[in-house]
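Here is how the chains run, residue by residue.
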Amino acid sequence: MTRCAVLTAVGGYLPPTVVTNEDLAGQLDTSDEWIRTRTGISRRHRAAPGTATSDLAAEAASQAMRCAGMDSVDVVILATTTPDRPCPATAPTIAAKLGLGPVAACDVSAVCSGFLYGLATASGLIVADLAETVLVIGAETYSSLVHPDDRSNAVLFGDGAGAVVLRSGETGELGALGPFDLGSDGSGRDLITVRAGGSEQWAEEPGSRMRDAYFSMSGREVFRNAVQHMNRSARRVLDKADLDADQVDWLVGHQANARILRSLTDSLGIPEERSISNIDLVGNTAAASIPLALEHGHREGLLKPGDLVLLTAFGGGLTWGSTLLTWPALAR
Ligand code: COA
């Protein structure tokens, strides 16, 4: 037995406003039929203007802390593409909103793979004995990043937050996390991007197009890359653990598109019924996608203590990551 990170609680939060496909079809040149058949999404949640990513994150984190029966943690890590502000990081704001005192807090930026990177970072802190407990949150307000007239992206993304609490434990325990596989390919950065607003292209630069300040994505190429990288990353993590795909009880893949998830289960040889999916209800919530899918699987009673769960994500960067855990017995 060696020291490792153990998942001990999960929480999730979706802002109350629901935007259906019919609602979008009333505003954009799209249809419920197109959205459902191409993406599997039927609704998504939208944060009200003035609601920041830290507000969603604090709600999800409170739920996870209640589930863990804890009122403090050593570290707060937030995975997000949509921080409250470009500077400073949002995690300290969340820690303050939760009344956690002067805890260590920072953001991790890896777009839709961010939560996997956050879990790996938290695991590393625990294994290195730098922390006993870590709150890992994935939270997004893509409504602030996607141009409302951009039908290609406006139909895909939703707002929300998911959170888990990790504590130190031992390999072999229920909830034990690992091994991990993480990777990136920066040559693909233009496939998922916001061009302006950083050091390379200032937001106010003469000639900067207003659209450059918003999210853009090459859907078809991203689709192909997502399946390929999640498949390879998931296989690498299974190899590291000396396990086969048929031993996996639940696949929790990044919820980008129901067709991506279907191609992924096909390529891994995992039956579709063993893939947890809430994309029809929430859309693509980027860094919040994996923890919200875990919270969904827990709430719906799909995830049972002892189940082997494979997590895999792909996102902008390009980035990807995977890990394994045995599902613990959690309070509901
Ligand atoms: N409603 C109606 N038509 C739409 C539309 C919408 N909301 N969005 C795009 N279209 C149109 C396109 O303009 C295109 O029209 P054209 O053939 O006349 O040019 C047509 O639909 C097909 O577009 P295409 O991009 O080929 O569709 P697709 O089957 O690849 O599906 C995505 C598009 C975006 C759903 C799909 O590529 C995808 O899910 N990609 C990955 C998305 C993702 O979430 N990534 C996140 C990071 S992992």
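From a predicted model like this one, the values you see are computed outputs, not experimental measurements.

Here's the deal with the site of the ligand
- As a structural note, the neighbourhood of the ligand is formed by 23 residues, with Thr30, Arg38, Gly219, Arg220 and Asn257 the closest of them.
- Between the ligand and Trp34 there is a distance of 3.4 Å, counted from a nitrogen atom to a side-chain nitrogen or oxygen.
- Arg38 is positioned such that a nitrogen or oxygen atom in its side chain is 2.8 Å from an oxygen atom of the ligand.
- Contact with the protein chains removes 76% of the 960 Å² of surface that the ligand exposes when unbound.
- The cavity that encloses the ligand is the second largest pocket.
- Of all the elements in the fold, those that place two or more residues in the shell around the ligand are helix H2 (32–39), helix H6 (151–154), helix H7 (219–240) and helix H8 (258–268).

Some words on the sheet that holds strand E12 (residues 308–315)
- Spatially, 4 strands are ordered E8-E13-E12-E11 in an open sheet, and the strand pairing comes out mixed. Two strands bound the open sheet, and with one partner strand each, they are strand E8 (177–184) and strand E11 (250–253). Across the sheet, the axes of successive neighbouring strands diverge by a mean angle of 10 degrees, strand direction being ignored.
- Bridge analysis of E12 against strand E13 (residues 319–326) gives 8 bridges, and the strand direction is antiparallel.

A word on the pairing of strand E4 (residues 75–79)
- Among the 5 residues of E4, 5 are classified as buried, and the element is accordingly described as predominantly covered.
- Of the two faces of E4, the one carrying Val75, Ile77 and Ala79 and the one carrying Val76 and Leu78 are both buried.
- For E4 and strand E5 (residues 104–108), the ladder comprises 5 bridges, and the chain directions are parallel. Within E5, the residue paired with Leu78 across the bridge is Asp107.
- This β-α-β element, E4 to helix H4 (residues 91–97) to E5, shows right-handed connectivity.
- With 5 bridges connecting them, E4 and strand E6 (residues 133–140) associate as parallel partners. Across the sheet, residue Ala79 finds its bridge partner in E6, namely Gly138.

Some thoughts on a negative patch on the surface
- Residues Asp239, Asp242, Asp244 and Asp246 make up a contiguous surface patch of negative charge.
- Along the chain, the position of Asp246 falls in the loop between H7 and E11.
- Assessed through its relative accessible area of 57%, Asp246 is described here as exposed.

Quick word on the domain arrangement of the chain
- Taken domain by domain, the chain consists of domain 1 (3–170) and domain 2 (177–326).
- Each of domain 1 and domain 2 has a C-alpha centre, and the two are 14 Å apart.
- Taken together, the contact between domain 1 and domain 2 spans 50 residues of the former and 44 residues of the latter.
- For the pair domain 1 and domain 2, the two sides together bury roughly 3600 Å², of which 68% comes from carbon and sulfur.
- Contributing elements (two or more residues each) for the side of domain 1 that touches domain 2: strand E1 (3–13), H2, strand E3 (43–46), helix H5 (114–127), E6 and strand E7 (160–170).
- Classifying every residue of the side of domain 1 that touches domain 2 gives 24 nonpolar, 19 polar and 7 charged.

The rules behind the values
- Residues numbered from 1 in each chain as written.
- Predicted model: local features only at pLDDT ≥ 70, side-chain atom pairs only at ≥ 80, totals over all residues.
- Heavy atoms only, no water.
- Near = heavy atom within 4 Å.
- Polar contact = N/O pair within 3.5 Å; in protein donor to acceptor, adjacent residues only side chain to side chain.
- Areas by Shrake-Rupley, 256 points an atom, 1.4 Å probe, with all protein chains shown as cover.
- 1 Å grid on protein atoms, 1.4 Å probe; cavity = no way out; pocket = protein on both sides within 12 Å on 5 of 7 lines; lining within 4 Å.
- Sits in = over half its atoms within 2 Å of the grid points.
- Helix = DSSP H or I, 4+ residues; strand = E, 2+ residues; numbered from the N terminus.
- Pairing = 2+ DSSP bridges.
- Axes fitted to C-alpha atoms, helices over the stretch in contact; angles between N-to-C directions.
- Buried < 20%, exposed > 50% of the residue type's maximum accessible area, 1.4 Å probe, protein only.
- Right-handed = clockwise from strand over helix to strand, strands pointing away.
- Patch = residues over 30% accessible without salt bridge, like charges linked within 9 Å, V, L, I, M, F, W, Y side chains within 5 Å.
- Salt bridge = Lys/Arg side-chain N within 4 Å of Asp/Glu carboxyl O.
- Lys, Arg positive; Asp, Glu negative; His and termini not counted.
- Charge placed at Lys NZ, Arg CZ, Asp CG, Glu CD.
- Domains from an automatic or database assignment.
- Contact = heavy atoms within 4.5 Å.
- Buried area = accessible area lost by both parts, 1.4 Å probe.
- Nonpolar A, V, L, I, M, F, W, Y, C, P; charged D, E, K, R; others polar.

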